[in-house]
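So the chains spell out like this:
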Amino acid sequence: SRVANFGNATEEKLKNRILEIDKEIQLKTSQQRSPLDRRLSFLTGQGVADDLMSDAEIKLLQQEKKYLGHLYTATLTRRGLETGRIELERLRKTHALIYRELTENESAQSRLEAEHPIAIKNPIYYEYHRLKNLKLARSDIYNKNQTAHEDYQKKKKSIEELAKVTNLPQFAIQQDQIDRVLQPLNERIYELDSDYRKNWLAKFAEPVVHVIPAALWMLLGIIFIPIAIKAAFYFVIAPLAARRPAIHLLPDVSGSIDGESDNTAGETGGKKISAVSLSIEVNKNHELLIHPEYLQGSSRQGEKDTKWLLDYAFPMSSLASGMFALTRIRTTSPESHVVSDTIDPFSEIAVISIPEGSAIVFQPHSLIGVIQSIEHPLRISKHWRLGSMNAWLTLQLRYLVFHGEAKLIVKGCRGVRIEKAGAGRSINQAATIGFSANLAYSNTRCETFSSYLMGKQELFNDNFASGTGFYFYEEMPHFGKKTGITGRGLEGVTDSLLTVFGI
């Protein structure tokens, strides 16, 4: 930037700056340490940067001086260019006059030859001597023209060469000179780096040191990101969901359950309706659809085949809930079959009998079998609530409703209980299996943040009210079940997607 300021400087200013540079170079050179001291500094590291800085500054000053010297020469040359251009114009005019005289001579010869073709060949005629004199004059004029042309071209070339001197390129630092200054330092760095890499401790520590910052950030993310997400769910999303109106899916249908009166479970705690195994009777008008692994004992009478899906109108729901490849049993006379969980020792089996005209909201993941009429099989309807803010906040957008007459065979960890909703009851959302479709369904936030944070409770509790209906729940939800997207990685994501579709 300093050199750029001298682009249009006067000769005097350039000359003074060149003298200043000489003094600066002389001063910096006198202040440099001896070669022995400089070599020793590479062992201790002390003063190396100052020495190299001084060398680099001297190189830059030398480059600046050289460029300003060219600039000074170019300034002097510009004076000569003005005089040279005046002389060039004079030579051009001289050449033009001689050339015009040459062309006039040649024109006169042509006219004489055209007008007196015979006379110009006979010495007794004036035209002969006139043509001879013109030719002699033309030779002399031609020589003068060639000389004038050569003088003009020489002067023109000289001016072009001078113009090149005045048109200097923009100043640029010659990096190769700086690189040579730094070469001893680079060689020393390479030498020390080689010694460092040969050290066994460095080989062990270097990869560890590089990984530690990223590992710490990952560890902090693993610790605090789930906490932040759960805090946002608990303190922002859950209160919004709790304030939304309740969802009424089918308020006009019956909420009754066969075998249960309006006084059922009037006392706190409800009534247990499950057992480790149940004997289920099937007559000729009904059929049993059951998971093969839950059929512990069956009669040899009757027909058995496979029904690939619980309901062909809901293929994806049947597959996602596990209700596929079911064993179908039909008999010509009443026969009993024993149903029990042959895999999970904590599961118990219950039968929920839905009378005709009644309907319950049910999550098929707890369903293991169905007893239905052959002529009038179980009917399932889907109910979307895309316009409900409560549905979006709880991520349950679709509800599956099972319409009677049918019997649902369900499983539950440590048992299944039925309880009357009455004026209003609340239960842990993870335990809910189903509820009467005429009830008002809503959500409230669990009692404490610490229990939700540590995974001891789900974010929401299910509330049921405003109807003479019932709700069903497990005695104890399986560990890790329905933990949601923040709970168990990919399994938690899958649980959340199934919740969206009411499965």
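Before any of the text, the structure's been laid out above.
Residues numbered from 1 in each chain as written. Predicted model: local features only at pLDDT ≥ 70, side-chain atom pairs only at ≥ 80, totals over all residues. Heavy atoms only, no water.

A. Quick peek at the sheet that holds strand 18 (residues 432-436). On the basis of which strands lie adjacent, the open sheet formed by 7 strands has the order 2-16-21-18-11-14-13 and antiparallel pairing. On the outer flanks of this sheet lie strand 2 (271-272) and strand 13 (379-384), each paired with one strand and no other. Note: strand 11 (residues 359-362) against strand 14 (residues 398-403), 3 bridges, orientation antiparallel. Across the sheet, Ile360 pairs through a bridge with Phe402, a residue of strand 14. (Pairing = 2+ DSSP bridges. Helix = DSSP H or I, 4+ residues; strand = E, 2+ residues; numbered from the N terminus.)

B. Spotlight on the pattern of salt bridges. Inspection of every chain in the model, using the stated rule, returns 17 salt bridges. Salt-bridge contacts for Arg17 lead to Glu20; the nearest nitrogen and oxygen are separated by 3.2 Å. On the criterion of helical spacing, the pair formed by Arg17 and Glu20 is a turn pair, its members being 3 residues apart in helix 1 (residues 11-31). One salt bridge connects Glu24 with Arg17, and the closest N-O pair in it is separated by 3.2 Å. In this structure Glu24 comes out as partly exposed when scored by relative accessible area, which is 30%. Overlapping salt bridges, with partners in common, bring together Arg2, Arg17, Glu20, Glu24 and Glu64 in one network. (Salt bridge = Lys/Arg side-chain N within 4 Å of Asp/Glu carboxyl O. Buried < 20%, exposed > 50% of the residue type's maximum accessible area, 1.4 Å probe, protein only.)

C. Region of interest: the sheet that holds strand 5 (residues 286-290). Pairing in this open sheet of 7 strands is antiparallel, and the strands run 3-10-15-12-5-8-7 from one edge to the other. Edge positions in the sheet fall to strand 3 (274-275) and strand 7 (303-309), since each has one partner strand and no second. Strand direction decides the pairing type here: strand 12 (residues 367-373) and strand 15 (residues 406-413), joined by 5 bridges, are antiparallel. Residue Ile371 lies in a different strand from strand 15, and its bridge partner there is Lys407.

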